[in-house]
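In case you want the letters, here they are:
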2 protein chains.
Amino acid sequence: MSFAIEPVADAVFAARVQRAIDRKTKPPGALGRLEALMLQLALIQRRERPALHEPQLVVFAADHGVAAQGVSAYRREVTAQMVRNMLAGGAAVSVLARQMDLRLTVVDCGVDGDFDPHPQLVDAKVCRGTSDFMAAPALTGAQCRQAIDAGEALVRRLPGNALLLGEMGIGNSTAAAALMARLTGYPVPACVGRGTGVDDAGLARKRAAVERALARHAEAREPLAALAALGGAEIAAMTGAVLAAAAARRVVVVDGFIATAAVAVAAGVAPEVLPYCVFSHASAETGHARWLERLRVRPLLDLDLRLGEGSGAALAWPLLVAACRLLDEMASFESAGVADRAR
Amino acid sequence: MSFAIEPVADAVFAARVQRAIDRKTKPPGALGRLEALMLQLALIQRRERPALHEPQLVVFAADHGVAAQGVSAYRREVTAQMVRNMLAGGAAVSVLARQMDLRLTVVDCGVDGDFDPHPQLVDAKVCRGTSDFMAAPALTGAQCRQAIDAGEALVRRLPGNALLLGEMGIGNSTAAAALMARLTGYPVPACVGRGTGVDDAGLARKRAAVERALARHAEAREPLAALAALGGAEIAAMTGAVLAAAAARRVVVVDGFIATAAVAVAAGVAPEVLPYCVFSHASAETGHARWLERLRVRPLLDLDLRLGEGSGAALAWPLLVAACRLLDEMASFESAGVADRAR
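Since we're looking at a predicted model, the values are computed, not measured. (Residues numbered from 1 in each chain as written. Chains lettered and ligands numbered in written order. Predicted model: local features only at pLDDT ≥ 70, side-chain atom pairs only at ≥ 80, totals over all residues. Heavy atoms only, no water.)

A. Highlighting the relation of the copies chain B and chain A. Its rotation angle being 180°, the transformation that places chain B on chain A also includes 0.0 Å of axial translation and leaves an RMSD of 0.0 Å. Within this description, the copies of the chain are treated as partners about a two-fold rotation axis. Taking C-alpha positions as reference, the residue of chain B nearest the rotation axis is B:Leu301, located at 3.2 Å. An overlap of 100% is found between the interface residues of chain B and their copies at the interface of chain A, pointing to a shared contact surface. (Least-squares fit on C-alpha atoms with pLDDT ≥ 70 in both. Contact = heavy atoms within 4.5 Å.)

As structure tokens, this is what we get:
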């Protein structure tokens, strides 16, 4: 795996885009964070008028051995059931993808279940759920590499210039919390939240599981080693997808806590990926806001979402479209004959 | 003027909607603030599956006598120029209305300028700019009533079941700040911000103007009296529009600081309007966040916008559509065959 990811920074070009933004018929800065988004999208595409086409919302699904430890409010089979629900059009992400005109693909990275063929389903199964990371590495090195490669290959195959990340996997907020603790060094209670809504006893089990896993895999400190030992097949595939998308200069729209785990691993491998990422929302999940701060990024939305599936990424999508359209379609003071402020 | 606004609260119906939300294939509460929005929209429409149709984005435009005091970074003629820009399709709100499929109407409530007829322009001019409120009431009682009636009549004429509020008026953040200070009792510095971006000297002039106006119109304490003395024609028309929309059980999507002033006046007249209002965003304008807190409402977005025009309302619109579609289209645990958590 070798990703040649170009840095997006280009001070001369950025200044030119900023001048175009400032000539639009509005007070300087009045579109707030949309203006920063305009600049980011222009830099990613190296175009003064960036445009988004054929956006792909990809849901990476897998099961987790640690789910057997009672760390989730839901049973393991819900992962496979929700994959079917997504494909049937009944999940939240199915509805939002229809609303926002996003093409939805579900990738079976390691679900403990079998699926009928479906035009929106990609089979990239590397396991039937990970091993319980309290006892063994979640993924072998080979499985982890295979999942990363699958995510990378998928993105290369998909058309369009924007990737929206989603995921599904009972137990995966436990894996993401373990990765957060390992990659940031933050204490476990700051990283472990209630996920889909475990009760206090479940939360205690979840914290204990993460503590045990961190001790068991004390040597797994490099991002990819941590990913294999503590992560999951969907997180690994997302990591590969993020790296491939950035290498192709595509916009990556990051969903919540678990998607952030994949981005953090990818950024650990190649810090240049971060400027390709738009962080869609701050999840209500414990740890997410702090992890985003640590990555020095600011999410667009703050709606107390904690569903995953790519729901936050889909909800933020119209803001990216707006940024492009405003930059392309708004009149300038000159073209509209509007008097600029006296300077 | 008498508005029969029905309270939206209905505990039995709300419990039924909440049960429907909780049966959707997601952990309880996982869609965060969208779930509260689902419930609000259902209550407004008194339908278990609310639906939005023919949304109307109305920009209320007017000039302000106080603009002559150097309280804005822009000259007075910019109001008329921006009205023309909106109608020509080059303003931010024009672009966003196109993107979001919102029908855009611009209402001349009191612009100091003349316009060619345009299918999206409504003439409801009650003055050519208000009087300078440091010297006289901004509007006479008759003008204020006329503007309120015009806003009300306009909404009755428009189709659809959602009204998105926008405004344009050089100087109108000064008027809105004066209304905030009067209606909330908060000190002037907490109410007065930089609007379109005045410098420190302009900010000082703006504060002084508001202080003078408050002293000059010390008797104007009731909401409608304050509206006439301190407000403006577009704020008065918006007030009438909000009251009429709530009376027709329509959703009102509130934009920023100036739209909030109109809602605050309307709520002073009829507190039942507030549950019909969805607050789209917290503006970067000083005072807005605090005013929203005072009204005990929470905005959806926080993007440092400070443009007005209805831009924030338009940007939040997809969230309302999502709330309706999720409630309508998401599968339930039963219909999708997904195992709910053990309880």
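B. Broad picture of the pattern of salt bridges. All names here are of chain A. Across all of its chains, the model carries 34 salt bridges over all chains by this definition. Ionic pairing is found between arginine 128 and aspartate 112, a salt bridge with its closest N-O pair at 3.3 Å. Note that arginine 128 is positioned in the loop between β3 (121–123) and α5 (141–157) and aspartate 112 in the loop between β2 (103–110) and β3, a separation of 16 residues in sequence. Classification of aspartate 112 as partly exposed rests on a relative accessible area of 34%. Connected through shared salt-bridge partners, Arg76, Asp112, Asp114 and Arg128 make up one network. (Salt bridge = Lys/Arg side-chain N within 4 Å of Asp/Glu carboxyl O. Helix = DSSP H or I, 4+ residues; strand = E, 2+ residues; numbered from the N terminus. Buried < 20%, exposed > 50% of the residue type's maximum accessible area, 1.4 Å probe, protein only.)

C. Structural context of the interface of chain B and chain A. The partner chain A presents 56 residues to the 56 residues of chain B that form the contact. In this assembly, chain B packs against chain A so that about 4500 Å² is buried in total across both faces, 60% of it on carbon and sulfur atoms. Of all residues in chain B, B:Tyr74, B:Gln99 and B:Leu303 give up the largest surface area on contact with chain A, accounting jointly for 13% of the area buried on that side. Where chain B touches chain A, the interface holds four salt bridges. Between A:Arg98 and B:Glu329 there is a salt bridge, with its nearest N and O atoms 2.8 Å apart. Taken together, chain B and chain A are joined by 20 residue pairs in polar contact (both at pLDDT 80 or more). Of all the secondary structure elements, the ones that give two or more residues to the side of chain B that touches chain A are α2 (33–45), α3 (78–88), α4 (92–100), α13 (311–329) and α14 (333–336) of chain B. The element best represented in the side of chain B that touches chain A is α13(B), accounting for eight residues. Here the residues of the side of chain B that touches chain A sort into 32 nonpolar, eleven polar and 13 charged. (Buried area = accessible area lost by both parts, 1.4 Å probe. Polar contact = N/O pair within 3.5 Å; in protein donor to acceptor, adjacent residues only side chain to side chain. Nonpolar A, V, L, I, M, F, W, Y, C, P; charged D, E, K, R; others polar.)

D. Local environment of unusual backbone geometry. Residues and elements named next belong to chain A. For arginine 46, which is not glycine, the phi dihedral falls at a positive 50°. Locating arginine 46 in the fold gives a position in the loop between α2 (33–45) and β1 (56–62). At aspartate 304, a position not held by glycine, the phi torsion is positive, near 60°. Residue aspartate 304 is classed as partly exposed on the basis of its relative accessible area, which comes to 28%.

E. Spatial organisation of the side chain of B:Asn172. Residues and elements named next belong to chain B. Looking at the element boundaries, asparagine 172 is found in helix α6 (residues 172–184). Here asparagine 172 falls in the buried class, since its relative accessible area comes to 5%. At a separation of 3.1 Å, a polar atom in the side chain of asparagine 172 contacts the side chain of glutamate 234. In this structure asparagine 172 touches His64, Glu167, Glu234, Ile235 and Ile258, once residues within four positions along its chain are discounted.

Nothing here speaks to function; it is all geometry.
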